[in-house]
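Coordinate analysis (summary)
Single-letter residue listing:
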Amino acid sequence: MGQRSIIEPFRIKSVEPIRMTTREERERFLEHAGYNPFLLRADDVLIDLLTDSGTAAMSAEQWASIMRGDESYAGARSFYRLRGVVEEIFGFRYVLPTHQGRAAERILFSTMCKPGDVVPNNTHFDTTRANIEFLGARAVDLPIPQGRRPSEIHPFKGNMDVDALERLIVEVGAEHVPLVMLTVTNNSGGGQPVSMANIRDVRAICGRHRIPLYIDACRFAENCWFIREREDGYGSKTPREIARELFSLADGCTMSAKKDGLVNIGGFLASNDETLVRQESRLLILTEGFPTYGGLAGRDLEAMATGFEEVLQEDYLAYRIASTAYLGRRLTEIGVPIVQPPGGHAIYVDAAAMLSHLPARLFPGQALVAQLYLEGGIRAVEIGTVMFGSTDTETGEERAAEMELVRLAIPRRVYTQSHIDYVCEVVGDVFAQRDRIAGLRMVWQAPPLRHFTARFESVCAPSSPNDLSND
Ligand SMILES: *Cc1c(COP(=O)(O)O)cnc(C)c1O
């Protein structure tokens, strides 16, 4: 008997219809949205792979938790339940709930960073970088060299380059490095995991220089599953045991529960440093709310606590990682260049390789995103020059990003295998006509985080008769 299929470890109790549109409609919607998927109406999207953030389907148990939420302004039972779960799984004594991850980031960096400081990370997520730069500090990405090469296979491509970290600290001086961060899994670097050995090495360097280590924990459970699957000595440990070990190496963490919290809103900031937490609480009260609710309803705290328990279940993680790998394997079979090996929450198509006729200034990633929507009503997101590049205000030239990726993020527990099969068919059709995909010109932008609102025109559009070529 061969190995049986890994199936969705749930059945469906409540369904939400999705609607197919015509190609003509999609052309109109896309033009209206300035070729920016963030500006489309969700109702006009068939399969929404824009993000895995806040898009999870909650379980019956989480909905039951919602009904148990305690809405007391101060000292709510739901807060103490969340604090208990966080202490049990993450091992940190103090937890400040926040409405999402970036609020935790803003509070952490506002408390720890000053202008001129440097914050190293394997790869900063966009809001993390923006919050550091907003304070006049510098966000430095230090992935291992393999992490920058899309087609190279490595079991822990999310690892930090520890030699580069040591060099950077010596170069700028430890007094200018208020904290080191590690993002697990490494979202912007392809959803790639970080090994326990790497976290240990980073911890050792931080320890020698007396610099606190913080984990950007958004996808901690997926990272723990990869450690169990790929790292020697972890095969018989539970995801929960691995999580405890991982966080025991850190001084604190920021969390967006919209990822591995399996909720639609929520996050937290946690640490063991009482003095720091007191300062952070003051900022929390200023913009988020009293420290026992932090901008969330009591029911949100309950749903989050239940989500953290469910996300570490082995049948869930086995299904989650296998379904992402399935999409990656099928696209690879068609010949689509993707970041290898598949990460935890998304497949990243290498748009620079696929649309090699388009230079970075014509935004190949964004052009591919537009085509996926036109072809099949699929919404994806560019992670390339639109997101991480910038326009020189004097020359008007684009500073290109290091990679031009398109992310197909997979919402948790939302789509079935036939939805994913449909995605593969659409990507296959786009791949077959890749040579004919036109580039885009950015006609409006508002940095920072310009990708949320930027507007584009096709360089083939009738409004630009002098620029029909892509070069
Ligand atoms: C989503 C995310 C954040 C920010 O969290 P939000 O809840 O969107 O504010 C930070 N870091 C990483 C790695 C993320 O994926």
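Residues numbered from 1 in each chain as written. Predicted model: local features only at pLDDT ≥ 70, side-chain atom pairs only at ≥ 80, totals over all residues. Heavy atoms only, no water.

Some points on the domain arrangement of the chain
Domain annotation of the chain identifies domain 1 (23-52 + 313-460) and domain 2 (60-310). At the interface, 29 residues of domain 1 touch 33 residues of domain 2. Carbon and sulfur atoms supply 57% of the area that domain 1 and domain 2 bury against each other, a total of about 2700 Å² over both sides. A salt bridge links Arg-413 to Glu-310, with the shortest nitrogen-to-oxygen separation between them at 3.0 Å. Remark: the boundary between domain 1 and domain 2 carries 17 residue pairs in polar contact (both at pLDDT 80 or more). Mapped onto the side of domain 1 that touches domain 2, the elements with two or more residues apiece are α12 (314-334), β9 (346-350) and α15 (385-388). Per-element tally for the side of domain 1 that touches domain 2: the top contributor is α12, with six residues. When the residues that make up the side of domain 1 that touches domain 2 are grouped by side-chain class, the tally is 15 nonpolar, six polar and eight charged. (Domains from an automatic or database assignment. Contact = heavy atoms within 4.5 Å. Buried area = accessible area lost by both parts, 1.4 Å probe. Salt bridge = Lys/Arg side-chain N within 4 Å of Asp/Glu carboxyl O. Polar contact = N/O pair within 3.5 Å; in protein donor to acceptor, adjacent residues only side chain to side chain. Helix = DSSP H or I, 4+ residues; strand = E, 2+ residues; numbered from the N terminus. Nonpolar A, V, L, I, M, F, W, Y, C, P; charged D, E, K, R; others polar.)

A few points about the side chain of His-124
Along the chain, His-124 turns up in the loop between β3 (118-121) and α5 (126-134). Look at His-124 and you get buried, because its relative accessible area is 1%. Within the local environment of His-124, its side chain forms a polar contact with the backbone oxygen of Val-119, the two atoms lying 3.2 Å apart. Among the polar contacts listed, one links the side chain of His-124 to the side chain of Asp-141, at a separation of 2.8 Å. (Buried < 20%, exposed > 50% of the residue type's maximum accessible area, 1.4 Å probe, protein only.)

Examining the site of the ligand
The immediate surroundings of the ligand are formed by 15 residues, with Arg-102, Asp-216, Arg-219, Ser-256 and Lys-259 found nearest. Within the backbone of Gly-101, a nitrogen or oxygen atom sits 2.9 Å from an oxygen atom of the ligand. In the complex, 98% of the free accessible area of the ligand, which totals 380 Å², lies under the protein chains. For the shell around the ligand, the elements supplying multiple residues, two or more each, are α4 (101-112) and α5. In terms of residue count, the dominant contributor to the shell around the ligand is α4 (three residues). Counted by class, the shell around the ligand contains two nonpolar, seven polar and six charged residues. (Near = heavy atom within 4 Å. Areas by Shrake-Rupley, 256 points an atom, 1.4 Å probe, with all protein chains shown as cover.)

Describing the pattern of salt bridges
Under the defined criterion, the tally for this structure stands at 27 salt bridges. For Arg-412, the salt bridge goes to Glu-222, with nearest N and O atoms at 3.1 Å. With Arg-412 in the loop between β14 (405-409) and α16 (417-432) and Glu-222 in helix α8 (residues 220-230), this pair connects stretches of sequence that are 190 residues apart. An identical accessibility class is assigned to Arg-412 and Glu-222; each is buried. Here Glu-398 makes a salt bridge to Arg-450, at a shortest N to O gap of 2.9 Å. Taken together, the residues span a long stretch of sequence, with Glu-398 in strand β13 (residues 398-399) and Arg-450 in the loop between β15 (440-444) and β16 (455-458) at a distance of 52 residues. On the accessibility criterion, Glu-398 (21% relative accessible area) is partly exposed. What makes Arg-450 buried here is its relative accessible area of 4%. Within the structure, one salt-bridge network assembled from shared partners comprises Asp-52, Arg-219, Glu-222, Asp-260, Arg-320 and Arg-412.

Some points on the environment of Glu-241
Summarising the element assignment, Glu-241 is placed in helix α9 (residues 239-248). Along the sequence, Glu-241 and Arg-450 sit 209 residues apart, while their C-alpha atoms lie 40 Å from each other.

Thoughts on the packing of helix α3 (residues 77-90) against α9
One way to put it is that α3 packs onto α9 with a least axis distance of 7 Å and a crossing angle of 85°. As the angle between them shows, α3 and α9 are arranged roughly perpendicular. Across the interface between the two elements, Glu-87, Glu-88, Ile-89 and Phe-90 from α3 touch Arg-240, Ala-243, Arg-244 and Phe-247 from α9. Split by residue class, the contact of α3 with α9 holds four nonpolar, no polar and four charged. (Axes fitted to C-alpha atoms, helices over the stretch in contact; angles between N-to-C directions. Parallel < 35°, antiparallel > 145°, perpendicular 65-115°, else oblique.)

Overview of helix α7 (residues 196-209)
Along an α-helix, residues three or four positions apart point the same way, because every turn accommodates 3.6 residues. Between its first and last C-alpha atoms α7 spans 20 Å; for 14 residues at 1.5 Å apiece the expected length is 20 Å, and the two agree. Within α7, the full set of buried residues consists of Met-196, Asn-198, Ile-199, Val-202, Ile-205 and Cys-206. Among the structural elements, α6 (162-172), β5 (180-183), β6 (213-216), α8 and α9 are those in contact with the buried residues of α7. Looking at the residues trailing α7, positive phi occurs at Arg-210, about 55°. (Expected span 1.5 Å × (residues − 1).)

Overview of the nonpolar core
Formed by 67 residues in total, the largest nonpolar core has its most connected members in Phe-90, Phe-220, Phe-247 and Phe-308. Mapping this core onto the domain boundaries places at least three of its residues in each of domain 1 (23-52 + 313-460) and domain 2 (60-310). In this view, Phe-220 contacts Ile-89, Phe-90, Val-184, Ala-243, Phe-247, Met-255, Asp-260, Phe-308, Val-311 and Leu-312; residues no more than four positions away in its chain are not counted. Counting 50 residues, the second largest nonpolar core, distinct from the first, contains Phe-29, Ala-33, Val-45 and Tyr-373. (Core = buried A, V, L, I, M, F, W, Y, C linked by side-chain atoms within 4.5 Å.)

Regarding the pairing of β9
The buried count for β9 comes to five of five residues, which makes it a mostly enclosed element. With five bridges joining them, β9 and β14 adopt antiparallel strand pairing. Residue pairing for β14: Val-349 is matched across the bridge by Val-406. (Pairing = 2+ DSSP bridges.)

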